[in-house]
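For reference, the chains in residue letters:
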Amino acid sequence: MTVNAKETSIVTDLSLAPEGHLKIEWVAAHMPVLNRIREQFEKEQPFKGLKVAISLHLEAKTAYLAKVVQAGGAEVTITGSNPLSTQDDVCAALVEDGITVFAKYNPEPKEYKELLVKALETKPDLIIDDGGDLVSILHAERPDLLAQIRGGAEETTTGILRLKAMEKDGSLKFPMVAVNDAFCKYLFDNRYGTGQSVWDGINRTTNLVVAGKTVVVAGYGWCGKGVAMRAKGLGANVIVTEIDSIRAVEAYMDGFTVMSMLDAAKVGDFFVTVTGNRDIIRGEHYEVMKNGAILSNAGHFDIEVNKPELEALSSSKRTVRKNIEEYQLKDGRSIYLLAEGRLVNLAAGDGHPAEIMDMTFALQAMSLKYVNDHYESIGAKVVNVPYELDEQVARFKLEALNIGIDKLSVEQKNYLESWAEHE
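Residues numbered from 1 in each chain as written. Predicted model: local features only at pLDDT ≥ 70, side-chain atom pairs only at ≥ 80, totals over all residues. Heavy atoms only, no water.

The protein chain appears in an unreviewed UniProt entry as Adenosylhomocysteinase from Paenibacillus solisilvae. Checking UniProt for the protein chain, the heading Function (unreviewed entry) contains the comment "May play a key role in the regulation of the intracellular concentration of adenosylhomocysteine." The protein chain has a UniProt comment under Pathway (unreviewed entry) that states "Amino-acid biosynthesis; L-homocysteine biosynthesis; L-homocysteine from S-adenosyl-L-homocysteine: step 1/1." (UniProt positions renumbered as here; feature names shortened; annotations may be inferred.)

The structure is reproduced here in structure tokens:
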């Protein structure tokens, strides 16, 4: 336990802790895979004597991951990975549980960056990152803190893209496990987690009907697949925009209309960007949008919807409802932006369901142990989650659901492994 957590932490209000504890207890009751790993960690103490710094969306499910890592013997420090997704009551509860927290809801950009640096200044041995911010700061601004880092794990597509670029140019200084690329991450978290949580955030924020509306989903990766699937389930007419020909054909064969963003902008009622790239919706698109169009983003950074170009076309801006900004265009039309263009499922909601994050955070915990056990042999590169860990998470999930599956017989294994002509 971190003895000085209350003295060293920077949070909004420690008196909020009781509500935070209730949130953490609720998700813990619905995360059986992570509970099983916690039992293992408590016995094995894989992180005994080590410091771990975590940067993730700081809500209840993330908090429980931090407690699981702490149960493995680590001294844990945690900070947010998005200004609007931090929940102050959860932060307060973690401090009471002996975890050092540097995080507040909606800090100014300068303070947000300072809180990230504070977490790194605890000189961690291991890190868990989301979007690559910790890794970026370590390499670009605080190389003096690199020496002690053994390695870490990365949560998102965006972060892995940054890491692979660093590895390619030889600047990465320690191993990172690409958790996002594990089967149990993108097949379930990215698809079913993002698919549900995006619409949770949009629906609770707008309180508008989706059925019969036209939804434009930018990007048909695993997150885009989930968002489009859930929009269809809500009764929407779904349009997908893509830059990848293969994914565009896939979206078409999945039953969605495919077109360019410029064409889609003319007919869309709701827009959701999930690409990981910048300027997906920009000036030329705003100029042709319908009055009342609603824009949202589910990519990691708030750059997919180009806000400066939207402001340049506007005569005024006002907040019309919590997490909804109305941009009054100079020609009289209104365009609405949700959650400042940040992750709508976390900035305007509670993020993915607990049962989904149970699998993802189980992968995080196990990947952290893996990189700690093998960092010397891995070297400074990005590695995938070993299949055995991926499969183990799925197996634990099935066991928690009381679902049994078949096993190959010896004869079946031999048949599959034989190259000889089959009778």
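**Student:** Teacher, can you tell me more about the side chain of H300 here?
**Tutor:** With respect to the helices and strands, H300 occurs in the loop between β11 (293-297) and α14 (307-312). Within polar-contact distance, the side chain of H300 engages the backbone oxygen of D130 at 3.2 Å. (Helix = DSSP H or I, 4+ residues; strand = E, 2+ residues; numbered from the N terminus. Polar contact = N/O pair within 3.5 Å; in protein donor to acceptor, adjacent residues only side chain to side chain.)

**Student:** Where do I start with unusual backbone geometry in this structure?
**Tutor:** Working note: non-glycine residues mostly have negative phi, and peptide bonds are mostly trans. One non-glycine residue, N106, lies in the positive phi region at around 55°. By the secondary structure assignment, N106 is in the loop between β3 (100-102) and α6 (109-120). With a phi close to 55°, D279 is a non-glycine residue in the positive phi region.

**Student:** Looking at this structure, I do not really get the sheet that holds β3. What am I missing?
**Tutor:** Adjacent strands of a sheet form backbone hydrogen bonds with each other and so pair up, either parallel or antiparallel. The sheet built from 7 strands is open, its strands ordered β3-β2-β1-β4-β5-β6-β15 with parallel pairing. This sheet does not close on itself; its edge strands, each paired only once, are β3 and β15 (382-384). Put simply, the sheet's adjacent strands are angled 20° from each other on average, direction ignored. Summarising the sheet, strand β5 (residues 151-154) and strand β6 (residues 176-178) pair through 3 bridges and their orientation is parallel. Opposite A153, over in β6, you have V177 as the bridge partner. Set on the sheet, helix α7 (residues 133-140) makes contact with β1 (51-55), β4 (126-129) and β6; between it and β4 the angle comes to about 125°. (Pairing = 2+ DSSP bridges. Axes fitted to C-alpha atoms, helices over the stretch in contact; angles between N-to-C directions. Contact = heavy atoms within 4.5 Å.)

**Student:** Can you help me understand the UniProt feature "binding site: substrate" (unreviewed entry) in the protein chain in this one?
**Tutor:** Summarizing the sequence annotation, UniProt attributes the feature "binding site: substrate" (unreviewed entry) to D130, E155, K185 and D189 in the numbering used throughout. The greatest C-alpha distance among the annotated residues, which extend across 60 residues, is 14.1 Å, indicating that they converge on a single site. The annotated residues that sit in the lining of the largest pocket are D130, E155, K185 and D189. The residue D130 is located in the loop between β4 and α7 in this model. Exposure remark for D130: the relative accessible area of 3% places this residue in the buried category. Among residues more than four places away in sequence, those in contact with D130 are S55, L56, H57, S81, E154, E155, T156 and H300. Classification of D189 by relative accessible area gives buried; the value is 3%. Filtering out sequence-adjacent residues up to four positions away, D189 remains in contact with E155, C184, T194, H352, I356, M357 and T360. (1 Å grid on protein atoms, 1.4 Å probe; cavity = no way out; pocket = protein on both sides within 12 Å on 5 of 7 lines; lining within 4 Å. Buried < 20%, exposed > 50% of the residue type's maximum accessible area, 1.4 Å probe, protein only.)

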